[in-house]
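Structure assessment
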Amino acid sequence: MGRARCRLAEAIALDVAAQAELLETAWRADGGNFVGELANAGTSSSSIASAQEGINRISDAMFYTDKMIKDMKLGETSGITINVCGTVGEPCLREVEHPISDRATFAIRANLAALREGFTGSAAVDGPGFDDFLIGVGHPEVAQAMTADLDAAIADAAALPDSFLTALASDYPQIVTTHAAVKQITDDLKTQFLTLLNLEIPDDVATDND
């Protein structure tokens, strides 16, 4: 049984590596050139019909924060939202991401860092991003507020114990605090962000009132 599990784990790891390579190739200019497709959206050299559609595809990806980080990784594990354990205000270990390696905290931190980089354009320098888009349409205060909310959530996630299982057991209030900080981000995304930039909400988020 042990050998079978190891062979299965090896097969899964190889498949994940292969899929990651395919994805990376699809984005590269010398591969599938999806980065070029986005950059040239609305022109004859892109299959994306308009620049607005290209922007919407990127903004859709940002809503991973709502369903996956806020609801699943933080909400369901802590009992803030409905989970398979049926607990309210209590941890549900069955919902924890990476339970064996206990790397859920690191995954949440990486997710929020990626969102911050997508919103401002770069983690190292201030590149072109959605904050600049908001400034360009006359709403610098919204860009500044959303950036501040992102930084607050990142700081709260950094304050979590590296062990997410430890956080559930002995630092539950910090999980609640981090969830609230992420919810502030998703509330912004669902309202003024979409409205001011004339973007569409993803279908799987449109019916979510949380």
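Look up a bit, the structure's there.
In this report, the structure presented in the accompanying data block is examined.

Scoring rules and cut-offs
Note that residues are indexed from 1 along each chain, following the sequence as it is written. At least 70 in pLDDT is required for a residue's local features to be given in this predicted model, at least 80 for side-chain atom pairs to be given and counted, and no such filter applies to totals for whole chains, interfaces and linings, which use all residues. For the side-chain quantities, the full set of heavy atoms in the structure was used; hydrogens and water were omitted. Put simply, DSSP H or I for four residues or longer makes a helix, DSSP E for two residues or longer makes a strand, and each gets a number counted from the N terminus. Only protein chains enter the accessibility calculation, which uses a 1.4 Å probe; a residue whose area is less than 20% of its type maximum is buried, one above 50% is exposed, and one in between is partly exposed. What is called the bend at a residue is the angle between a pair of axes, fitted to the seven residues leading up to and ending at it and to the seven starting from it. Only rings of Phe, Tyr and Trp enter the pairing, Trp through its six-membered ring, and a pair is recorded when the two centres are within 6.5 Å. The plane angle decides the type: under 30 degrees is stacked, over 60 is edge-to-face, the rest tilted. The charged-residue count follows a simple rule in which Lys and Arg add positive charge and Asp and Glu add negative charge, with His and chain termini not counted at all. The working definition used for a salt bridge is a side-chain nitrogen of Lys or Arg within 4 Å of a carboxyl oxygen of Asp or Glu. Residues count as neighbours in contact if any of their non-hydrogen atoms are within 4.5 Å of one another. An axis is simply a line fitted to the C-alpha atoms; with a helix, the fit covers only the stretch in contact. Between two such axes, the angle follows the N-to-C directions and lies from 0 to 180 degrees. The scheme is simple: roughly parallel for angles under 35 degrees, roughly antiparallel for over 145, roughly perpendicular for 65 to 115, oblique for anything else. The crossing is said to be left-handed when, going from far helix to near helix, the turn is anticlockwise and less than a right angle, and right-handed when the turn is clockwise. Just so you know the grouping, Ala, Val, Leu, Ile, Met, Phe, Trp, Tyr, Cys and Pro go in nonpolar, Asp, Glu, Lys and Arg go in charged, and all remaining residues, Gly too, go in polar. The definition of a nonpolar core used throughout is a set of buried Ala, Val, Leu, Ile, Met, Phe, Trp, Tyr and Cys residues joined through side-chain atoms within 4.5 Å.

**What to know about unusual backbone geometry**
Its identity is not glycine, yet Asn33 carries a phi of approximately 55 degrees, on the positive side. Residue position: Asn33 is located in the loop between α1 (2-27) and α2 (34-39). Asn33 gets classed as partly exposed once you look at its relative accessible area, which sits at 28%.

**Overview of helix α4 (residues 64-78)**
An α-helical segment advances 3.6 residues per turn. Residues three or four places apart therefore align on the same side. For α4, the principal kink sits at Asp71 and spans about 40 degrees. Burial analysis of α4 places 11 of its 15 residues in the buried class, the great majority of the element. Taken from the residues just after α4, Gly79 is the one with a positive phi, measuring 80 degrees.

**Some points on the packing of aromatic side chains**
Using the criterion set out here, one finds 3 aromatic pairs in the structure. Look at Phe119 and Phe193: their rings are 6.4 Å apart centre to centre, the planes differ by 45 degrees, and that puts the pair in the tilted class. Of the two residues, Phe119 sits in helix α5 (residues 104-120) while Phe193 sits in helix α9 (residues 172-197), which places them 74 residues apart along the sequence. Using a relative accessible area of 1% as the deciding quantity, one classes Phe119 as buried. Residue classification places Phe193 among the buried residues on the basis of a relative accessible area of 0%. Considering the side-chain rings of Phe130 and Phe193, the 5.3 Å spacing of their centres and the 65 degrees angle between planes classify their relative orientation as edge-to-face. Of the two residues, Phe130 sits in helix α6 (residues 130-136) while Phe193 sits in helix α9, which places them 63 residues apart along the sequence. The class for Phe130 is buried, based on a relative accessible area of 7%.

**Focus: the side chain of Asp149**
Among the structural elements, Asp149 can be located in helix α7 (residues 140-158). Notably, Asp149 is buried but unbridged: the nearest opposite-charge side chain belongs to Arg116, and the N-O separation is 11 Å. Contacts of Asp149, omitting those with residues within four sequence positions, involve Gln184, Ile185 and Asp188.

**Observations concerning the packing of α4 against α5**
In helix packing, the relevant descriptors are the interaxial angle and the interaxial distance, both defined with respect to the helix axes. Interaxial distance between α4 and α5 falls to 11 Å at its minimum, and their mutual angle equals 160 degrees. Classified by the angle their axes make, α4 and α5 are roughly antiparallel. Between α4 and α5 lies a crossing of left-handed hand. Residues Tyr64, Thr65, Ile69, Lys73 and Leu74 of α4 pack against Ala107, Ile108, Asn111, Leu112 and Leu115 of α5. Class assignment for the residues of the contact of α4 with α5 results in 7 nonpolar, 2 polar and 1 charged.

**A word on the nonpolar core**
Ranked by size, the top nonpolar core spans 32 residues in total, and within it Phe119, Leu134, Phe164 and Phe193 carry the most contacts. Among the secondary structure elements, those contributing two or more residues to this core are α4, α5, α6, α7, α8 (164-170) and α9. Take this core: its biggest share by element is 8 residues, from α9. Once you skip the residues sitting within four places of it in the chain, Phe193 turns out to touch Ser59, Met62, Phe119, Phe130, Leu134, Met146, Asp188 and Leu199.

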